[in-house]
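Residue strings, one per chain:
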Amino acid sequence: MGAPVRRKEDKALITGAGSRWDVGSVGLTVGSSASATGNTLRVDGAGAVVTNVNPLLVGYGSGANENLLLITNGGALYVNGNDLIIGYDSCTNTVIVTGPGSLLASTNSTAPQLSVGDVSGVPVRPGNLLRVEDGGVVSNLNLWVGTLSQCDGNRVIVTNGGKYYGQMTVGYNNYNNSVSIIGGNGVESLWNGMNKPLTINAGPQGYTGHSLLIDGAGYDGSAVVTNVTTVAVVPA
């Protein structure tokens, strides 16, 4: 079953232990085509699982804005394809992974690309967000923040005990994309690069404003970046 949440302000809820939706290796789209705004897919609670997703799209097409995928309270979503996109030719779409045991992950042996802001075009498609917090985990993905030209101002925030495992590239032929690893009171936020490189501004010179912030924040908290093989920053 593909694209179940795709019109305007539709909501789908997978909740509770034993609740399982096997998508069957086809696409899952939250907000598809023009005017598909404000749609939500919520995976809520330990044992609530969405699996065999290929691909996962949150906000697909011009006008498919302000859509939300929320994985919370120990819920899990597994992808087995090559594409995960937050904001494909669209803006202000959000994925939140929050709470202990909550997980967004790939089951592939090779990590697929997770794009936060994708597709070249005019006007600019800004403001898509991946947020991992409060013990949530995103794992086995190759993260690109701002994939093509005009994909400006997209953000990834790992905070208050959130964890991200995988490669990272910030900016490609665009402007002002950012990643923030921020601690919290008494907890550690983590980015484990899984022995892969970090690239900031993977495109040619002249594109500016990309950033990586590592901030312990909070009382007795920490922000840790580990297992990154190389750091490459293309000059502006």
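Residues numbered from 1 in each chain as written. Predicted model: local features only at pLDDT ≥ 70, side-chain atom pairs only at ≥ 80, totals over all residues. Heavy atoms only, no water.

Peer 1: So what exactly am I meant to see when it comes to the overall build of the chain here?
Peer 2: A count of helices and strands for the chain gives zero helices and 18 strands. Here the chain has a C-alpha radius of gyration of 17 Å; the compact-globule value for 236 residues is 18 Å, and the two agree. Seen along its three principal axes, the alpha-carbon backbone of the chain occupies a region of about 45 × 45 × 30 Å. Expressed as a percentage of the 236 residues in the chain, the buried residues total 50%. (Helix = DSSP H or I, 4+ residues; strand = E, 2+ residues; numbered from the N terminus. Rg over C-alpha atoms; globule rule 2.2 N^0.38 Å. Buried < 20%, exposed > 50% of the residue type's maximum accessible area, 1.4 Å probe, protein only.)

Peer 1: So what exactly am I meant to see when it comes to the pattern of salt bridges here?
Peer 2: Close approach of charged atoms allows side chains with opposite charge to pair. For the structure on display, the rule yields two salt bridges. Between Asp44 and Arg42 there is a salt bridge, with its nearest N and O atoms 2.8 Å apart. Given a relative accessible area of 12%, Asp44 falls into the buried group. Note that Arg131 is salt-bridged to Glu133, the shortest N-O span being 2.5 Å. (Salt bridge = Lys/Arg side-chain N within 4 Å of Asp/Glu carboxyl O.)

Peer 1: Help me out: how do you make sense of the side chain of Thr159 in this one?
Peer 2: Summarising the element assignment, Thr159 is placed in strand 13 (residues 155-159). For Thr159, a relative accessible area of 10% gives the class buried. At 3.4 Å, the side chain of Thr159 forms a polar contact with the backbone oxygen of Ile182. Setting aside anything within four residues of it in sequence, one finds Thr159 in contact with Arg131, Val132, Glu133, Asp134, Ile182, Gly183 and Ser189. (Polar contact = N/O pair within 3.5 Å; in protein donor to acceptor, adjacent residues only side chain to side chain. Contact = heavy atoms within 4.5 Å.)

Peer 1: How do you make sense of the sheet that holds strand 15 (residues 178-182) when you look at a structure like this?
Peer 2: The eight strands are arranged 1-3-5-8-11-13-15-17 in an open sheet whose pairing can be described as parallel. Each edge of the sheet is formed by a strand with only one pairing partner; in this case those strands are strand 1 (11-15) and strand 17 (211-215). When the angles between neighbouring strand axes are averaged without regard to direction, this sheet yields 5°. Bridging between strand 15 and strand 17 involves five bridges; their strand directions are parallel. (Pairing = 2+ DSSP bridges. Axes fitted to C-alpha atoms, helices over the stretch in contact; angles between N-to-C directions.)

Peer 1: When you look at the packing of aromatic side chains in this model, what are you seeing that I'm missing?
Peer 2: Ring pairs (aromatic) are described by centroid distance and by the angle formed between their planes. In this structure the tally under the stated criterion is two aromatic pairs. For the ring pair Tyr60 and Tyr88, a centre distance of 4.8 Å and an interplane angle of 25° mean the geometry is stacked. Highlighted residues: Tyr60 in strand 4 (residues 49-60) and Tyr88 in strand 7 (residues 83-88), separated in sequence by 28 residues. What makes Tyr60 partly exposed here is its relative accessible area of 33%. A centroid spacing of 6.0 Å and a plane angle of 70° characterise the contact between Trp144 and Tyr172, whose relative ring orientation is edge-to-face. Note that Trp144 is positioned in strand 12 (residues 137-145) and Tyr172 in the loop between strand 14 (163-170) and strand 15, a separation of 28 residues in sequence. Of the residues examined, Tyr172 reaches a relative accessible area of 30% and is grouped as partly exposed. (Phe/Tyr/Trp six-rings, centres within 6.5 Å; stacked < 30°, edge-to-face > 60°.)

Peer 1: Help me understand the pairing of strand 6 (residues 76-79) in this model?
Peer 2: The side chains of a regular strand alternate, first on one face of the sheet and then on the other. Of the pairings in the sheet, the one linking strand 4 to strand 6 comprises three bridges and is parallel in character. If you follow Val49 over to strand 6, its bridge partner there is Ala76.

Peer 1: How should unusual backbone geometry be read in this particular structure?
Peer 2: It is generally the case that most residues other than glycine have a negative phi and that most peptide bonds are trans. Between Asn54 and Pro55 the backbone carries a cis peptide bond, its omega angle lying at -5°. Relative to the helices and strands, Pro55 is located in strand 4. Look at Thr92: it is not a glycine, yet its phi comes out positive at around 55°. Here Thr92 lies in the loop between strand 7 and strand 8 (94-98). Despite not being glycine, Met194 has its phi angle at roughly 55°, a positive value. Among the structural elements, Met194 can be located in strand 16 (residues 188-200).

Peer 1: Got a minute to help me understand the side chain of His210 in this structure?
Peer 2: Inspection of the secondary structure assignment puts His210 in the loop between strand 16 and strand 17. A polar atom in the side chain of His210 sits 2.9 Å from the backbone oxygen of Asn174. Residues within four places of His210 in sequence aside, it is in contact with Val170, Gly171, Tyr172, Asn174, Tyr175, Asn176, Asn177, Ile200 and Asn201.

Peer 1: Sorry, what's going on with the environment of Asn160 here?
Peer 2: With respect to the helices and strands, Asn160 occurs in the loop between strand 13 and strand 14. Owing to a relative accessible area of 33%, Asn160 belongs among the partly exposed residues under this scheme. As a C-alpha pair, Asn160 and Gly135 span 25 residues in sequence and 7.3 Å in three-dimensional space. What Asn160 contacts, discounting residues up to four positions off in sequence, is Glu133, Asp134, Gly135, Ile182, Gly183, Gly184, Asn185, Val187 and Ser189. Within the structure, the side chain of Asn160 is placed 2.3 Å from the side chain of Asp134, a separation counted as a polar contact.

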